[in-house]
Each structure stands twice: as structure tokens, then as C-alpha cells.
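Next come the chains, spelled out residue by residue.
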Amino acid sequence: MPYYRSVGEVPHKRHTQFRRPDGGLYSEELMGQEGFSSDSSLLYHRHPPTAIVSAEVYEPAPHKQAANLPLKPRHLRTHKLGHGSADAVLGRHPLLANNDVRIGYVVADQPSPLYRDAIGDECLYVEEGTATIETTFGALTVGTGDYVIIPTSVVHRIVPDGPIRLLTVEATGHIGPPKRYLSVRGQFLEHAPYCERDLRAPSSPLQRDGTDVEVYVKHRAGWTRHVYAHHPFDVVGWDGCLYPWAFSIHDFEPITGRVHQPPPVHQTFEGPNFVVCSFVPRKVDYHPLAIPVPYNHHNVDSDEMMFYTGGNYEARRGSGIEQGSISLHPSGFTHGPQPGAVERALGAEAFDELAVMIDTFRPLDMCEAAFEVEDTAYAWTWNR
Ligand SMILES: [Fe+2]
């Protein structure tokens with residue numbers, strides 16, 4: 001998505017002879033979105049990226065999911081999820097899902113296998129910890145507060161430096177900045193709350209050797225484990241506008257006003273039928289009679305999921321919401337500040353809150369793990 005980068009060695013002219021030191025040709029690969037009519041990159045491999053030696057079905061642990069019935073606001077405590085040793089791909093706990101997006105959570109302390117999500121882009125949010133994300137494009141070092149966007153079908157693995165807490169967002173399609181932040185040619189505009197300087201991408205290719213290398217593929221029909229003849233991280237250079245990238249929530253510049261600003265000012269990314277927003281520490285509304293917490297509101301076309309990832313979320317005080325909590329405020333239910341929150345907030349000059357919100361246009365189902373860590377008293381906390 002974001003903008004053109006060139007990393008490592010690439011030939012002067014695309015689709016021309018580009019030779020290895022031993023005289024053989026590098027294998028050129030075009031990765032392109034939307035039928036090669038949108039963003040793409042060209043990668044140059046030492047070995048053909050097509051050479052697989054085996055394929056077998058992989059069956060992930062089954063999980064049940066159920067509609068949000070009866071319709072209720074929900075509170076999930078992610079830090080209560082059972083976790084032994086896990087990796088950041090196969091160890092995910094799916095929590096909320098529909099046909100557009102699957103939201104999960106994992107505490108990972110093991111390197112993941114090589115993995116490609118052929119269904120859509122993934123957005124990982126690092127609640128806590130650091131990791132290296134190795135990809136065919138090179139490595140990204142990520143830490144607390146980072147969003148990481150991994151485009152569809154990019155082979156990668158997640159190598160934590162110690163336990164890392166991740167909110168995982170798996171889309172059915174592509175995730176990027178909202179179009180209204182971009183010029184017609186894709187440059188971030190002056191009103192956007194972040195821009196190119198805030199984005200990080202791999203700066204040098206990885207050059208791994210290896211034979212018979214397993215790659216787990218999540219695809220439209222299920223999961224398959226491919227074995228590649230050569231290690232997929234054998235790229236000597238790439239260029240283009242499609243690559244994995246990272247962006248820290250702490251580089252999101254909040255938009256504030258004299259009176260309360262609507263949720264779209266917090267928007268960070270858009271995906272197919274969902275948006276991702278960042279609520280960051282900020283000065284709050286400065287009209288002398290301003291009410292800094294949100295009004296009661298009903299986002300009639302969306303389910304609103306909020307992940308509370310730092311500070312104190314003023315509007316939810318007294319509700320049991322804590323670090324690592326997820327609230328789900330579904331379409332069909334009006335939500336707003338908890339009792340007493342409006343009065344407490346009057347005169348406040350700044351909020352120290354950090355939260356990631358995902359609004360989906362289609363209803364979110366609850367997955368099995370969500371029911372296991374649900375605080376069932378949350379729905380009644382406005383009635384106090
Ligand atoms: Fe809301």
C-alpha cells in the first residue's frame with residue numbers, strides 16, 4: 001500500500017535478465033493486488049518461489065462461534081485467556097468474528113512457523129512485548145504499541161523476544177489508511193493524523209538458506225501445509241508499493257476540538273466492511289462548558305469493539321473494564337458513558353487513555369474463547 005520503496009538489489013529495468021554471481025538468473029516474482037490492477041511489488045529470488053515438494057491438509061483446533069444472542073453489550077477479559085507456551089500464529093484465540101474479519105488474541109513466547117494468510121491482510125497490534133517479524137521482504141522489529149500490517153499471502157514468521165501480547169485482526173481483503181487521508185496518487189494529506197515518516201518497512205532483505213521448508217497457508221478452503229524446496233526468505237531485492245509495514249499508535253496525532261469530536265477523527269485504517277481507530281492520550285475539549293466524554297451514541301450500522309490497551313478509559317470507569325479488556329457494543333444497543341462519568345470528566349484538560357477500536361458493518365459473532373472470559377455482569381453496569 002503505502003508508497004514506493006526499493007530494498008536490496010533490483011535490476012535497472014523490470015522484467016529483464018538479472019543474474020546471480022554464478023551466472024544463473026534470479027527468479028522474478030510479481031505480487032499484486034486486485035488482479036494486478038492495484039499495488040504490487042517485484043521480488044527477486046535466488047530460487048524459484050514456485051518449487052513445492054509436498055502439500056498436506058492441516059486441521060487447526062476446531063472452535064465454535066455463536067451469534068450475540070440475546071443481544072447484549074459484552075466485556076471480555078483477554079488477560080484471563082488460558083495460555084501456556086504458544087506461538088503467535090497457531091496459538092491465537094479467536095474471540096469475535098464475521099465473514100469480513102476475525103479478531104483474536106494471543107500471548108506468544110515461541111517462534112511461529114512460516115505462515116501465509118491467503119484470505120486477506122492481517123493487522124497485528126502489539127499490546128506488550130517485542131518481536132521480530134521475518135518476511136520475504138525482510139525483517140521488521142516491532143514493540144509495544146505497534147500496528148503491523150502484513151499484506152495478503154506474504155510469507156512470514158513471528159519471533160518474540162519474550163512473551164508478547166498481540167491483538168490479531170485477520171481481514172478478508174486489504175487493510176490500509178482511509179482513502180480520505182490520501183491524495184489521488186496515494187500521498188498522505190496534511191490533515192491526516194499520520195504520514196509516511198511514521199511508517200516503518202523492511203530495510204534490507206533476509207537471505208536464508210534452507211531446504212524442505214514448511215509454510216502454513218490459511219486459504220479460502222481451509223489450511224494447507226506446503227513444503228518448499230528452498231527457503232522462501234531468499235530474496236536479494238524488491239521494489240514497489242506492496243510490503244509489510246509497521247506504525248506505532250504513539251505516532252498517531254490526535255485531532256481535538258472545542259467540543260467533542262466524532263469517532264471518525266480517530267480512524268487509523270480501513271478494511272473491507274470494518275475500520276480500525278486509535279484513541280490516544282490527548283488534550284480534551286476546551287469549550288468552557290464542554291463535556292469531554294462521549295455522548296450516548298448508537299452507531300446504527302456497526303458493531304463497535306474496543307480493546308483497552310493503556311491508561312484509564314474515562315467513559316468506562318466503574319464498569320470493570322481493565323487493561324486488556326475488550327468491549328463489544330453491538331448495533332441495536334445504545335451505549336455511552338458509565339453512570340457518573342460525565343460529571344467526573346467536567347473540567348478535565350487531558351485524558352490518558354489508549355484503546356484500539358474496530359467497528360464492523362456486519363455483526364460480530366462470539367467465539368468459544370470469548371464466552372470463557374466474558375464478564376457477564378457488564379451489560380447491566382449502566383443501571384447503577
Ligand atoms: Fe462507541
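Please refer to the structure placed before this passage.
A short tour of the structure in this document, coming up. (Residues numbered from 1 in each chain as written. Predicted model: local features only at pLDDT ≥ 70, side-chain atom pairs only at ≥ 80, totals over all residues. Heavy atoms only, no water.)

Some details on the pattern of salt bridges
Heads up, the rule is: Counted as salt bridges are all cases of a side-chain nitrogen of Lys or Arg within 4 Å of a carboxyl oxygen of Asp or Glu. Put simply, DSSP H or I for four residues or longer makes a helix, DSSP E for two residues or longer makes a strand, and each gets a number counted from the N terminus. Throughout this description, buried means an accessible area under 20% of the type-specific maximum (1.4 Å probe, protein chains only), exposed means over 50%, and partly exposed covers the range between.
Summed over the entire model, instances satisfying the criterion amount to 19 salt bridges. Its salt-bridge partner being R74, residue E374 comes within 3.1 Å of it at the nearest N-O pair. Here E374, found in the segment after α2 (368-372), pairs with R74, found in strand β6 (residues 74-77); they are 300 residues apart in sequence, far enough to count as distant. For R74, a relative accessible area of 3% translates into the label buried. D117 is the partner of K218 in a salt bridge, and the nearest nitrogen-oxygen pair spans 3.3 Å. With a gap of 101 residues between them, K218 in strand β17 (residues 211-219) and D117 in strand β9 (residues 114-117) connect regions that are remote in the sequence.

Thoughts on the nonpolar core
As a reminder, the rule being used: We call a set of buried residues a nonpolar core when its members are Ala, Val, Leu, Ile, Met, Phe, Trp, Tyr or Cys and they connect through side-chain atoms within 4.5 Å of each other. Whether two residues are in contact is decided by their heavy atoms, any of which lying within 4.5 Å being enough.
Residues L95, L96, Y147, F269 and M305 are the most contacted members of the largest nonpolar core, which totals 73 residues. In terms of residues, this core owes the most to one element, strand β8 (residues 101-108), which gives 6 residues. Setting aside residues no more than four positions away along its own chain, M305 makes contact with L96, I103, L167, I326, S327, L328, V356, M357, I358, D359 and L364.

Regarding the coordination of the iron ion
Worth spelling out the cut-off: Any N, O or S atom lying within 2.8 Å of the metal counts as a donor, and for Na, K and Ca the limit rises to 3.2 Å; water is left out, so some sites can look incomplete.
Coordination of the iron ion by the protein is provided by H297 (NE2), E304 (OE) and H335 (NE2), with metal-donor distances spanning 2.0 to 2.1 Å. Ordering the donors of the iron ion by residue number gives the pattern H-x6-E-x30-H. Residue H297 is found in the loop between β23 (282-283) and β24 (303-311), and its partner H335 is found in the loop between β25 (325-329) and α1 (341-345); the two are separated by 38 residues along the sequence. Look at H335 and you get buried, because its relative accessible area is 3%.

What to know about the sheet that holds strand β19 (residues 235-240)
Two orientations exist for strands paired in a sheet by backbone hydrogen bonds: parallel and antiparallel. Under the convention used in this document: Strands pair, by our definition, only if DSSP identifies at least two bridges between them. The convention used is that axes are lines fitted to C-alpha atoms, helices contributing only their stretch in contact, and that angles between N-to-C directions extend from 0 to 180 degrees.
In space, the 4 strands of this open sheet follow the order β1-β19-β3-β2, with antiparallel pairing throughout. At either end of the open sheet lies a strand with only one pairing partner, and these are β1 (5-8) and β2 (27-32). Put simply, the sheet's adjacent strands are angled 15 degrees from each other on average, direction ignored. The pairing of β1 with β19 spans 4 bridges and is classified as antiparallel. Pairing of G8 across the sheet is with G237, part of β19.

Re the side chain of E374
The class for E374 is buried, based on a relative accessible area of 14%. With near-sequence residues (within four places) excluded, E374 lies in contact with R74, H75, L76 and M366.

A few points about the environment of V235
Checked against the element boundaries, V235 lands in strand β19. Once the C-alpha coordinates of V235 and P205 are considered, the two residues, 30 residues apart in sequence, prove to be 6.1 Å apart. Setting aside its immediate chain neighbours within four residues, V235 contacts L43, Y44, H45, T136, P205, L206 and Q207.

With respect to unusual backbone geometry
A cis amide bond links L69 to the next residue, P70, at an omega of -10 degrees. With respect to the secondary-structure elements, P70 resides in the loop between β5 (65-66) and β6. Positive phi, close to 60 degrees, is recorded for F36, a residue that is not glycine. Counting through the fold element by element, F36 comes out in the loop between β2 and β3 (40-45). Residue F36 is classed as exposed on the basis of its relative accessible area of 57%. With a phi angle near 70 degrees, S153 is a residue other than glycine that sits in the positive phi range.

So yeah, pure geometry; function would need other evidence.
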